[in-house]
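# Remarks on the overall topology
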Amino acid sequence: MTTLTAAPLSWAMRNGTRREHRAAEGSHFMTALLAGRVDGAGYAAYLRRLRTVYASIETAGRANSADPCVVAVLDPALERLDALDADVAFWAPGSATEGDSPVADLYAHRVRESAVWGGLFVAHHYTRYLGDLSGGQAIGRSLAREFDLDESGKGLAFYAFPQIPRPQRYKEAYRARLDLLRLDAGARSRIVAEVKHAFDLNRALFAELDKAISPAPG
Ligand code: HEM
């Protein structure tokens, strides 16, 4: 049986964080979003938080682009800021692109701190972009149905990766690059722990959104 410490990094990142993935997937906000119970303003509140998070990942990535771990994952084809700006403009025209969110700020701070070592940065990169290329694709299709949007992609640019026509193949290559990194068992387990933390931060973001967009009781 493969143990987490002996396993290739990509295997450990996926299998060592199944519980955290399930928890994020099953969060109340995600369920409400997929069931069509979040309106455009609520969705814009989500996008503004994501913008803060992706700005931190994309800035930290560029600033540390010589680190071998960062080199393994960095790819302009993944960048989401322009897509997020376009979607915020669609859902909340004229509003600020980033919102007042202590959790998004905390998440961004953690990403910036993680960049002291590319391995920790990779944990954050993986959690967001590989998620976007996996369940994120189904979420995008589901939102198109829920919000009754046409095929033009307007409002859902966040889920479109025009330069990545085959996400499955892309993810395989991404995992292969992770597995070629020369990291010892201790380093690999630090990365898995950071992925768990990244999932928890996403869950905290959803919990904050729940509070921000649900009407106050009474
Ligand atoms: C309703 C919400 C979600 C659904 C339905 C969902 C679904 C999935 C599915 C089906 C996969 C496997 C795809 C494959 O094997 O190629 C996957 C992978 C993944 N998801 Fe999610 N997911 C959700 C939420 C999230 C969230 C909130 C995050 C983190 C922010 C996330 C991060 C990931 C990551 C990193 C992977 C890649 C695992 C790997 O291949 O190593 N997911 N998701």
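Keep in mind that what you see is a predicted model, and the values were worked out from it rather than measured. (Residues numbered from 1 in each chain as written. Predicted model: local features only at pLDDT ≥ 70, side-chain atom pairs only at ≥ 80, totals over all residues. Heavy atoms only, no water.)

On the secondary structure map, Ser101 appears in the loop between helix 6 (81-91) and helix 7 (102-114). According to the relative accessible area criterion, Ser101 is buried, its value standing at 1%. Not counting residues up to four positions away in its chain, the partners in contact with Ser101 are Arg49, Leu205 and Glu208. (Helix = DSSP H or I, 4+ residues; strand = E, 2+ residues; numbered from the N terminus. Buried < 20%, exposed > 50% of the residue type's maximum accessible area, 1.4 Å probe, protein only. Contact = heavy atoms within 4.5 Å.)

Size it by volume and the largest pocket reaches roughly 740 Å³. What lines the largest pocket is a set of 28 residues, among which His21, Gly131, Ser134, Gly135 and Phe199 lie closest to the centre. In terms of residues, the lining of the largest pocket owes the most to one element, helix 8 (residues 118-132), which gives six residues. Looking at the lining of the largest pocket residue by residue, the classes come out as 11 nonpolar, nine polar and eight charged. Its boundaries defined by the atoms lining it, the second largest pocket holds a volume of some 260 Å³. Around the second largest pocket sit 12 residues that line it, and Gly140, Arg141, Gly153, Leu156 and Tyr159 are the ones nearest its centre. Its residues placed into classes, the lining of the second largest pocket shows five nonpolar, three polar and four charged. (1 Å grid on protein atoms, 1.4 Å probe; cavity = no way out; pocket = protein on both sides within 12 Å on 5 of 7 lines; lining within 4 Å. Points joined across faces, edges and corners; volume = space filled by probe spheres on them. Nonpolar A, V, L, I, M, F, W, Y, C, P; charged D, E, K, R; others polar.)

Our focus in this paragraph is empty space enclosed by the protein. Evaluated as defined, the whole model comprises one cavity of 30 Å³ or more. Along its surface, the largest cavity is lined by Ile57, Glu58, Arg62, Leu74, Asp75, Pro76, Leu78, Glu79, Phe121, His125 and Tyr129. Broken down by secondary-structure element, the contributors of at least two residues to the lining of the largest cavity are helix 4 (40-63) and helix 8. Across the lining of the largest cavity, the residue classes break down as six nonpolar, one polar and four charged.

The next point concerns the site of the ligand. Lining the immediate surroundings of the ligand are 19 residues, of which Arg14, His21, Tyr126, Lys171 and Arg175 lie closest. A distance of 2.6 Å separates an oxygen atom of the ligand from a polar atom in the side chain of Arg175. When atom positions are compared with the pocket grids, the ligand is found to occupy the largest pocket. Those elements that provide at least two residues to the shell around the ligand are helix 2 (18-25), helix 3 (28-34), helix 8, helix 9 (135-146), helix 10 (167-179) and helix 11 (185-213). In terms of residue count, the dominant contributor to the shell around the ligand is helix 8 (four residues). Its residues assigned to classes, the shell around the ligand shows seven nonpolar, seven polar and five charged. (Near = heavy atom within 4 Å. Polar contact = N/O pair within 3.5 Å; in protein donor to acceptor, adjacent residues only side chain to side chain. Sits in = over half its atoms within 2 Å of the grid points.)

Read these as layout, nothing more, since geometry by itself doesn't imply function.
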